[in-house]
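Inside the fold
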Amino acid sequence: PPPPSPPSPPPSYWTHFAHIGTTAYLIGSSSYNSAVGSQAAGDSVWWLSCSAADAAAASAGRSIAMKLTMGEVVDYFRPTSGNSLCDMLASSTKHEFSPDEVAWYTPTYLGSNAMGGSARAWPRDNVPGDERAYLPFWGGAGARSGCCHSSLTSGAAWGQTFDLYVNTAPPPPPDVQ
């Protein structure tokens with residue numbers, strides 16, 4: 001008989017949490033605390049409340065995780081122990097990273113007012129096949145939209161569009177009358 005296949009990661013349930021579809025949107029450390037825009041209305045920038053996503057994960061008995069897509073790159077993040085999704089989204093030092101949802105790393109942090117990311121050359125020096133100078137930043141530093149790479153080999157630049165997903169369905173935002 002053939003050898004058994006290697007174990008595959010458990011299937012994930014990803015809910016679209018945020019869409020930054022413009023290269024010039026300023027995202028600050030408290031931005032993700034409140035919902036903005038509307039996916040249903042086709043807004044170029046929208047996101048759901050991070051506290052609602054945290055609550056949905058807790059009620060489902062799951063630890064929150066986030067998938068970030070920027071160009072052709074897909075990365076996974078989760079808050080460090082004792083931190084929530086909101087804590088992680090507002091910080092440059094409260095996330096763990098995975099290229100595949102299996103191996104998790106605590107990157108060397110840049111330690112700036114950027115949100116997310118890593119120190120320069122961390123992905124290139126620590127993740128096989130990854131030539132990026134930085135892990136993605138999802139805001140902060142007074143810059144526009146996200147940073148940095150649309151492929152594993154592209155140069156670093158702010159002004160990247162990106163999408164965020166969470167691994168559990170947050171409740172729909174309340175109707176605004």
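Below you will find a few notes about this structure. What you are looking at is a predicted structure, and each value in this text was computed from that prediction instead of being measured. (Residues numbered from 1 in each chain as written. Predicted model: local features only at pLDDT ≥ 70, side-chain atom pairs only at ≥ 80, totals over all residues. Heavy atoms only, no water.)

Structural notes on the pairing of strand 5 (residues 95-98)
This is how it is decided: The rule is simple: take the accessible area with a 1.4 Å probe, protein chains only, and divide by the maximum for that residue type; under 20% is buried, over 50% is exposed, in between is partly exposed. The way it works is that DSSP assigns letters per residue, a run of H or I at least four long becomes a helix, a run of E at least two long becomes a strand, and they are numbered from the N terminus. Pairing between two strands is assigned when DSSP locates at least 2 bridges connecting them.
Where burial is concerned, the two faces of strand 5 agree: the one with His-95 and Phe-97 and the one with Glu-96 and Ser-98 are both buried. Two strands pair when backbone bridges link them, and strand 4 (residues 73-79) and strand 5 are joined in this way by four bridges, in the antiparallel orientation. Counted as the bridge partner of Pro-79 is His-95 from strand 5.

Examining the pattern of salt bridges
Quick reminder of the rule: Salt bridge, as used here: a side-chain nitrogen of Lys or Arg that lies within 4 Å of a carboxyl oxygen of Asp or Glu.
For the structure on display, the rule yields three salt bridges. A salt bridge links Glu-96 to Arg-78; the shortest N-O distance between them is 2.5 Å. Of this pair, Glu-96 sits in strand 5 while Arg-78 is found in strand 4, placing the two residues 18 residues apart along the sequence. For Asp-130, the salt bridge identified is with Arg-132, shortest N-O distance 2.7 Å. Look at Arg-132 and you get buried, because its relative accessible area is 2%. Beyond isolated ion pairs, a larger network of salt bridges with shared partners links Asp-75, Asp-130 and Arg-132.

A short note on unusual backbone geometry
With the exception of glycine, most residues fall at negative phi, and the peptide bonds are largely trans. In this structure, Ala-121 takes a positive phi of about 75 degrees despite not being glycine. Note that Ala-121 resides in the loop between strand 6 (114-116) and helix 3 (122-126). When its relative accessible area of 14% is taken as the criterion, Ala-121 is described as buried. Non-glycine residue Ser-145 carries a positive phi angle of around 55 degrees. Its location among the elements puts Ser-145 in the loop between strand 7 (137-140) and strand 8 (146-148). Residue classification places Ser-145 among the buried positions, given a relative accessible area of 0%.

Regarding the environment of Cys-50
Inspection of the secondary structure assignment puts Cys-50 in helix 1 (residues 50-59). Judged by relative accessible area, which is 0%, Cys-50 ranks as buried. Placed 37 residues apart in sequence, Cys-50 and Asp-87 show a C-alpha to C-alpha distance of 9.1 Å.

Structural notes on the side chain of Ser-49
Filter applied, for reference: Under the rule applied, a polar contact is a pair of N or O atoms within 3.5 Å (in protein, one hydrogen donor and one hydrogen acceptor; residues adjacent in sequence only if both atoms are side-chain atoms). A contact between two residues is defined here by any heavy atoms of the two lying within 4.5 Å.
Mapped onto the elements, Ser-49 comes out in the loop between strand 2 (45-47) and helix 1. Judged by relative accessible area, Ser-49 falls into the buried class, the value being 15%. Only 2.9 Å separates the side chain of Ser-49 from the side chain of Ser-51, close enough to count as a polar contact. For Ser-49, the contacting residues outside a window of four places in its chain are Phe-17, Tyr-32, Asn-33, Ser-34 and Ala-35.

A few points about the environment of Ala-141
Residue placement: Ala-141 occurs in the loop between strand 7 and strand 8. The partly exposed category is assigned to Ala-141, whose relative accessible area is 38%. Sequence separation between Ala-141 and Asn-113 is 28 residues, and the spatial gap between their C-alpha atoms is 5.1 Å. Among all residues touching Ala-141, those that are not within four sequence positions of it are Asn-113, Ala-114 and Trp-158.

Details of the state of the cysteines
Keep this limit in mind: Two cysteine sulfurs form a disulfide in these notes if their separation is within 2.5 Å.
Overall, the coordinates contain two disulfides when judged by the stated rule. Between the sulfur of Cys-50 and that of Cys-86 lies a disulfide, 2.0 Å long from S to S. Judged by the sign of its S-S torsion, about 110 degrees, the cystine formed by Cys-50 and Cys-86 is right-handed. One end of the pair, Cys-50, is in helix 1; the other, Cys-86, is in helix 2 (residues 85-89), with 36 residues separating them in the sequence. Residue Cys-147 pairs covalently with Cys-148 via a disulfide, S to S 1.9 Å. Every disulfide takes its handedness from the sign of the S-S torsion; for Cys-147 and Cys-148 that torsion is 90 degrees, giving right-handed. Across the pair, exposure class does not vary: Cys-147 and Cys-148 are buried alike. Among the cysteines of the protein that take part in disulfides, numbered as they appear in the sequence, the pairing is 1-2, 3-4.

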